[in-house]
Amino acid sequence: MMQHPENDKAYKGLTVNEGVENLPQVNPYAKFRRQKRVLSAEEYVEGILRGDITMLGQAVTLVESNLPSDQVVAQQVIEQCLPHAGKSVRIGITGVPGAGKSTFIEALGTELCQQGKHLAVLAIDPSSERSKGSILGDKTRMNELSVQANAFIRPSPSAGSLGGVARKTRETIVLCEAAGFDTILIETVGVGQSETAAHSMVDFFLLLQVTGTGDELQGIKRGIMEMADGIAINKCDGSNIERAQAARVSFKNALALFPPTESGWQPYAETCSAVEKTGIKEVWSMIEKYIRFARENGYFDRKRTQQAKYWMYETINSHLLNGFYQNPEIEALAQLMEKKVLNNEISSFIAATELLNAYNKLK
């Protein structure tokens with residue numbers, strides 16, 4: 001180590017410490033973190049079937065992953081869980097922003113847990129445009145429900161998929177059912193025609209409404225109201241009780257004008273207050289009545305069959321789209337076609353045809 005000249009006896013009253021040698025950049029005392037062991041499909045399935053919530057959460061993460069290696073294992077897990085699935089009641093909940101969906105789900109979920117039901121909540125958050133991750137974090141907003149021993153809450157990013165429904169929600173439902181959850185609530189981002197995606201994976205579709213917005217019966221709501229099996233008018237409390245009761249009558253009259261439903265069920269509306277936890281049992285009673293009605297006339301099983309067929313073709317469409325847009329040759333050709341279209345050298349239709357023809361030749 002270099003000696004400091006200031007420490008010479010000639011310099012009285014002055015001392016400079018020698019300091020320490022240069023330490024290595026890596027802390028020699030730090031314990032290196034071991035790589036996480038990769039679980040097999042059988043280990044995931046074993047954990048799910050015994051109701052291990054931690055293992056279930058890891059399996060859902062695996063299903064949501066876009067890594068090809070993860071997808072291979074995820075499909076094996078789903079396939080092995082399928083024989084143990086299908087025994088739950090699946091309920092979709094949608095509504096306008098500000099309708100209090102998260103508060104309502106917490107109130108309904110807490111009530112169901114107190115009844116002894118095993119509840120899974122799949123809260124589909126809007127995706128961040130930058131990170132594609134969840135930005136609402138519904139689990140942090142359901143404090144009372146999240147501490148229930150028989151409840152599982154899983155917020156997932158919608159990742160731009162149709163109607164705000166996460167691309168892998170249907171597979172997640174299978175895993176939750178295999179883990180023993182008998183009731184599954186699926187919250188969607190908001191109201192719109194695109195909520196067809198949510199409607200196509202649930203047994204009962206609940207539309208959550210509020211009063212005082214001035215648009216209770218707008219034409220834009222017609223599409224979503226025709227899909228709804230029931231309506232819950234939330235925030236029926238305080239000075240809003242009379243308006244909520246009036247809205248209930250308005251919705252009842254409007255629903256009576258719609259064509260008969262495929263199930264033969266006549267949808268109706270109930271009022272409730274998620275904050276005061278009033279009317280929640282009445283809403284659940286409506287759902288139970290529908291489930292009994294649909295089971296008795298055979299529509300429940302028929303609808304499940306139709307949904308399975310629908311999602312088979314949706315998966316095919318998804319794979320075809322991914323195969324087309326993720327092909328490097330097509331990606332390069334698409335940029336060339338874009339330039340030609342922008343320069344008015346060819347039409348959009350001709351460019352699309354040439355791209356499709358080029359893709360078909362690559363097969």
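Residues numbered from 1 in each chain as written. Predicted model: local features only at pLDDT ≥ 70, side-chain atom pairs only at ≥ 80, totals over all residues. Heavy atoms only, no water.

## As for the packing of aromatic side chains
Thought 1: Enumeration according to the criterion identifies eight aromatic pairs in this entry.
Thought 2: Residues Phe-324 and Tyr-325 carry aromatic rings whose centres are separated by 5.0 Å and whose planes lie at 90 degrees to one another, so their mutual orientation is edge-to-face.
Thought 3: Classification of Phe-324 as buried rests on a relative accessible area of 13%.
Thought 4: Note on Phe-324 and Tyr-359: the rings are 5.3 Å apart at their centroids and 75 degrees apart in plane angle, and the pair reads as edge-to-face. You can see Phe-324 sitting in helix α12 (residues 299-325) and its partner Tyr-359 sitting in helix α14 (residues 348-362), a full 35 residues away along the chain.
Thought 5: Owing to a relative accessible area of 15%, Tyr-359 belongs among the buried residues under this scheme.
Thought 6: Over the aromatic face of Phe-300 sits the side chain of Arg-295, whose NZ or CZ is 4.1 Å from the ring centroid. (Phe/Tyr/Trp six-rings, centres within 6.5 Å; stacked < 30°, edge-to-face > 60°. Buried < 20%, exposed > 50% of the residue type's maximum accessible area, 1.4 Å probe, protein only. Helix = DSSP H or I, 4+ residues; strand = E, 2+ residues; numbered from the N terminus. Lys NZ or Arg CZ within 6 Å of the ring centre and 35° of its normal.)

## Considering the pattern of salt bridges
Thought 1: As enumerated under the stated definition, the model contains seven salt bridges in all.
Thought 2: As a salt-bridge pair, Glu-64 and Arg-154 come within 3.3 Å of each other at their nearest N and O atoms. Highlighted residues: Glu-64 in helix α2 (residues 53-64) and Arg-154 in strand β3 (residues 151-157), separated in sequence by 90 residues.
Thought 3: The residue Asp-203 makes a salt bridge to Arg-304 at a minimum N-O spacing of 2.7 Å. In this pair, Asp-203 sits in the loop between α8 (196-199) and β5 (204-209) while Arg-304 sits in helix α12, placing the two residues 101 residues apart along the sequence. This pair shows no difference in class: Asp-203 is buried, exactly as Arg-304 is.
Thought 4: Here the salt bridges do not stand alone but share partners, grouping Glu-46, Arg-50 and Asp-52 into one network. (Salt bridge = Lys/Arg side-chain N within 4 Å of Asp/Glu carboxyl O.)

## So, a nonpolar patch on the surface
Thought 1: On the surface, a nonpolar cluster with roughly 390 Å² of combined accessible area is contributed by Met-312, Tyr-313, Ile-316 and Leu-320.
Thought 2: Relative to the helices and strands, Leu-320 is located in helix α12.
Thought 3: When its relative accessible area of 48% is taken as the criterion, Leu-320 is described as partly exposed. (Patch = residues over 30% accessible without salt bridge, like charges linked within 9 Å, V, L, I, M, F, W, Y side chains within 5 Å. Areas by Shrake-Rupley, 256 points an atom, 1.4 Å probe, with all protein chains shown as cover.)

## Looking at the side chain of Asp-237
Thought 1: Its place among the elements puts Asp-237 in the loop between β6 (230-233) and α10 (241-256).
Thought 2: Among buried charged residues, Asp-237 stands out as having no salt bridge; its nearest opposite-charge side chain is Arg-243, 8.3 Å away.
Thought 3: If we ignore the near neighbours within four places in the chain, the residues touching Asp-237 are Ser-273 and Glu-276. (Lys, Arg positive; Asp, Glu negative; His and termini not counted. Contact = heavy atoms within 4.5 Å.)

## Digging into the packing of α12 against α14
Thought 1: One can describe the packing of α12 onto α14 by two numbers: an axis separation of 11 Å at closest approach and a directional angle of 95 degrees. When the axis of α12 is compared with that of α14, the two are roughly perpendicular. Of the residues in α14, those touching α12 at Leu-320, Gly-323 and Phe-324 are Leu-355, Leu-356 and Tyr-359.
Thought 2: Split into classes, the residues belonging to the contact of α12 with α14 amount to five nonpolar, one polar and no charged. (Axes fitted to C-alpha atoms, helices over the stretch in contact; angles between N-to-C directions. Parallel < 35°, antiparallel > 145°, perpendicular 65-115°, else oblique. Nonpolar A, V, L, I, M, F, W, Y, C, P; charged D, E, K, R; others polar.)

## Re the layout of surface pockets
Gaps left between atoms are located by rolling a probe of water-molecule size over the structure's atoms.
Thought 1: Put simply, the second largest pocket is a space of about 450 Å³.
Thought 2: Looking at the lining of the second largest pocket, the elements that each hand over two or more residues are α9 (222-227) and α12.
Thought 3: With five residues, α12 is the single largest residue contributor to the lining of the second largest pocket.
Thought 4: Looking at the lining of the second largest pocket residue by residue, the class counts come to eleven nonpolar, eight polar and four charged. (1 Å grid on protein atoms, 1.4 Å probe; cavity = no way out; pocket = protein on both sides within 12 Å on 5 of 7 lines; lining within 4 Å. Points joined across faces, edges and corners; volume = space filled by probe spheres on them.)

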